[in-house]
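Breakdown of the fold
Residues per chain, in single letters:
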Amino acid sequence: MVDLAALSENLALGFSVALSWEALFYAMIGVTLGTFVGVLPGVGTMSAIAMLLPLTFLMEPALAIIMLAGIYYGGAYGGSTASILLNLPGTPSSAVTCLDGYPMARNGRAGVALFVTTIASFAGSIMGLMLLALVAPPLAQFALQFRSPEYFSLMVLGLMAAAILASSSPFRSLASVVLGLLLGVVGIDMLSGTSRFTFGWPTLFDGLPLVAVVIGLFGVPELIANVRSGNYQRPQAVRMRDMLPSRDDWKRIRPAMLRGGSIGAFFGALPGTGGMIASFMAYAVEKRVSRTPARFGKGAIEGVAAPETANNSAVQTAFIPTLTLGIPGDPVMALMLGALMIHGITPGTALITSNPDIFWGLIVSFLVGNVMLLLLNIPLINLWIRVLSIPRQILFPAITAFVCIGVYSVNLAVADIVVLMVFGLLGYALMLLRFQTAPLVLGLILGPMMEENLRRSLLISRGDPMVFLERPISATFLGLAGLLLVWLVVSEIRRRRQLRAT
Amino acid sequence: MHDGPAARGALLTGRLMERLRRLFSLADLVAGALVLALGVFTLYEASGYARGSMANIGPGFFPGLLGMLLVACGIGIILVEGTRDRSAALPRPEIRAALATVAALGLFALLIERAGLAPAVMATTYAASYATTTVTPLFRFVTASGVTIVCVLVFPIALGLPMRIVTW
């Protein structure tokens, strides 16, 4: 089933691209920066990618993506450091690691926890990468049959999955998604020339500035919320010797990693869901299959290994729909998609055939990057600890300044800073009212695509909306979305019945 | 008089409010109401754009669809999520940090083109440091200066971003 000869040929091509000095250099910068950003609570990988995006305009596309991708999966390594040491997640997907990581640190096992997260992250990445290399080409072949209705339905499925699976408040997440879609509508409609939702402001004619909106919605609220919170204890340096897990630990870690990695690979590949939901699910599954579930929450090492494997695996497989179908696997991928398009690469079924060097170069670069991360992170653990010790009173203003400069540098427009302010406040308000902002970014980037595909589908079917259900692949996607809705209703009913019983 | 009609009316309203408050949590009510309002606004705006036909949808079609979805979500939030977690209250907003951040961003917007990168960063960092209360003005000044120096070295000089450091 897997054409090994073709695969090895492709990998060879990939190695030739990824092992050039520039590629290695940018991969190194990307992963180090990504880990650094992941370690810092308050600045997420999304903000970092958004800020560095303008700097990559002058770079060669493959190198730019190698670096940005490095930030992305590097972040998945660093995020757990703050979770374990400070009980504050550095990235959203490492929130689950707080649950058992922080108790482990309090029991004096911080070194082991940190070591395990690095190993688990690497294992997860490799699992995800293998899937990417194996599944992407046949998937791209399959997707050649996709037309507008299929793309539209797949996006509907992805957005619904993002809304329903990612949080316990599906209506809020759905509202987030729709708000994102709406924000994507802002600007002059290409086809009719009508300016929509611009209220006469010329800056909005081209649509909302992406970087300003994303950082406003994500970075600013994180900053505001975290400037005071958290127990402010200085984390202590760990010794190399203290980091190795015991044999008993290893016995628990191995199956946890396998389970976590598979769960992560699945959720990463599903458009709309990503590392966050993957790590959460992996933790839940691990607890359910454990013979001693009471240990969870008090420092169970599987509770650290499984989610970390899951979120790294998801991070790699998120590239599958992004590169093969052009539909982002999660909100950060959505940004990466934007980055690819800015560089003139249209991801989609054509990418693997028209730019095989870019595709396979990326895959091998991910492999190289993960190896770099594995080798770097173990000795650098103490460095990250020291970074986390920088007092917040210095860190917070500094980050605010960097954010301003980063956003301004995209278009050199003061208007972008105003957008940043407005969306920063909006993002904070949404956070207070307990809305998820990640689905919003997904909606923002998918919005124009969805509308275009909707329009085209209806044009081809001459106004018949049943076209989405008449085509089998499209119907399957919509059917799955419908199943999600059913699952939602059922679990809500069950939940209320349980509450009433107590 | 304690049992006149006015007093009885007030008592009944009070009881009604109590019942309502126990049925719906405030956070969800506010959230749902905002989403609903946004949905209505969207529908209103979208009605001003051409709807087009089913075969050839116009610019108002998609936004109209979204508006309807928002209204549905707003209702959903109030009815479904609002009747769930009765103990959920609005989290305490970090007003000081929020104001400091807004001020910081605003100052940057004002100064970056009128005064240049260095003054803008100086002002931004200084304002942002007001988010924390435990530091002295001297600390704020030193931090602001330090960050300004770093930014000037990194962004325009090392990375070559086209920004004027100081404009007269």
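All residue numbers refer to position in the chain's written sequence, counted from 1. Note on labels: chains are lettered from A, ligands numbered from 1, in written order. Two thresholds apply to this predicted model, a pLDDT of at least 70 for residue-level local features and 80 or more for giving and counting side-chain atom pairs, whereas whole-chain, interface and lining totals are computed over all residues. Each side-chain value is derived from all of the structure's non-hydrogen atoms; neither hydrogens nor water enter the calculation.

Topic: the overall build of chain B
Here is the rule: Per the convention used, a helix needs a DSSP run of H or I reaching at least four residues, while a strand needs a run of E reaching at least two, with both numbered from the N terminus. When accessible area is computed with a 1.4 Å probe and restricted to protein chains, residues below 20% of their type maximum are described as buried, those above 50% as exposed, and intermediate ones as partly exposed. We call two residues in contact whenever any of their non-hydrogen atoms come within 4.5 Å of each other. Method for areas: the Shrake-Rupley scheme with a 1.4 Å probe, in which residue coverage is limited to the protein chains shown.
For chain B, the helix and strand inventory stands at six helices and zero strands. Along the chain direction, N to C, the helices and strands of chain B fall in the order α-α-α-α-α-α. For chain B, buried positions account for 43% of its 168 residues. For chain B, contacts bridging at least 24 residues in sequence account for 62% of all contacts bridging at least 6. For chain B, the accessible area works out to roughly 9,400 Å², and carbon and sulfur atoms hold 71% of it.

Digging into the environment of Gly 60 of chain B
Residue and element names in this part refer to chain B. Mapped onto the elements, Gly 60 comes out in the loop between helix 2 (26-47) and helix 3 (61-81). Taking the C-alpha atoms as reference points, Gly 60 and Tyr 49, separated by eleven residues in sequence, lie 4.7 Å from one another. Here Gly 60 is in contact with Ala 46, Tyr 49, Ala 50 and Arg 51, once residues within four sequence places are set aside.

Side note on the packing of helix 5 (residues 97-106) of chain A against helix 12 (residues 302-317) of chain A
Residues and elements named next belong to chain A. Stated formally: Here an axis means a line fitted to C-alpha atoms, over the contact stretch when the element is a helix, while the angle between two N-to-C directions is reported on a 0 to 180 degree scale. Each angle gets one of four labels, with under 35 degrees taken as roughly parallel, over 145 as roughly antiparallel, 65 to 115 as roughly perpendicular, and the rest as oblique. Left-handed describes a crossing whose near helix is turned anticlockwise from the far helix through less than a right angle; right-handed describes the clockwise counterpart. Each residue gets one of three labels, nonpolar for Ala, Val, Leu, Ile, Met, Phe, Trp, Tyr, Cys and Pro, charged for Asp, Glu, Lys and Arg, and polar for the others, Gly among them.
Relative to each other, helix 5 and helix 12 sit at 140°, their axes nearing to 8 Å. Taken together, the axis directions place helix 5 and helix 12 in an arrangement best described as oblique. Helix 5 and helix 12 meet at a crossing whose hand is left-handed. Contacts between helix 5 and helix 12 involve Thr 97, Asp 100, Gly 101 and Met 104 from the first element and Gly 303, Val 304 and Glu 308 from the second. Taken together, the residues that form the contact of helix 5 with helix 12 break down as two nonpolar, three polar and two charged.

Comments concerning the interface of chain B and chain A
One widely used convention gives an interface's size as the accessible area the parts lose upon coming together. Selection rule: Values labelled buried area give the accessible surface lost by two parts on being combined, using a 1.4 Å probe and summing over both. Any carboxyl oxygen of Asp or Glu within 4 Å of a side-chain nitrogen of Lys or Arg constitutes a salt bridge here. Here a polar contact means two N or O atoms within 3.5 Å. Within protein one must be a hydrogen donor candidate and the other an acceptor candidate, and residues neighboring in sequence count only if both atoms are side-chain atoms.
The interface of chain B with chain A comprises 67 residues on the first partner and 61 residues on the second. Buried area between chain B and chain A, summed over both chains or domains, comes out near 5,700 Å², and the portion from carbon and sulfur atoms is 77%. For the interface between chain B and chain A, the tally reads one salt bridge. Between Arg 172 of chain A and Asp 28 of chain B there is a salt bridge, with the nearest N and O atoms lying 2.7 Å from each other. Summed over the shared surface of chain B and chain A, the number is five residue pairs in polar contact (both at pLDDT 80 or more). Elements with a contribution of two residues or more to the side of chain B that touches chain A: helix 2, helix 3, helix 4 (95-114), helix 5 (117-128) and helix 6 (137-158) of chain B. With twelve residues, helix 3 of chain B is the single largest residue contributor to the side of chain B that touches chain A. Tallied by class, the residues present in the side of chain B that touches chain A amount to 48 nonpolar, twelve polar and seven charged.

Comments concerning the packing of helix 8 (residues 170-185) of chain A against helix 3 of chain B
Direction vectors running N to C along helix 8 of chain A and helix 3 of chain B enclose 160°, while the axes themselves pass 9 Å from each other. Judged by the angle between their axes, helix 8 of chain A and helix 3 of chain B are roughly antiparallel. Where helix 8 of chain A crosses over helix 3 of chain B, the two elements pack in a sense that is left-handed. Contacts between helix 8 of chain A and helix 3 of chain B involve Pro 170, Phe 171, Arg 172, Leu 174, Ala 175, Val 178, Leu 179, Leu 181, Leu 182 and Val 185 of chain A on the former and, on the latter, Phe 62, Pro 63, Leu 66, Leu 69, Leu 70, Cys 73, Gly 76, Ile 77, Val 80 and Glu 81 of chain B.

Digging into the side chain of Thr 101 of chain B
As for its placement among the helices and strands, Thr 101 of chain B is situated in helix 4. A distance of 2.7 Å separates the side chain of Thr 101 of chain B from the backbone oxygen of Ala 97 of chain B, its partner in a polar contact. Leaving out residues up to four positions away in the same chain, Thr 101 of chain B has contacts with Val 220, Ile 224 and Phe 396 of chain A.

What to know about the confidence of the model for chain B
To be explicit about the condition: Summary of the metric used: pLDDT quantifies the predictor's per-residue confidence within the range 0 to 100.
Across chain B, the average pLDDT comes to 81, with 85% of residues at or above 70. On the interface metric, ipTM, the complex scores 0.81, and its pTM is 0.78.

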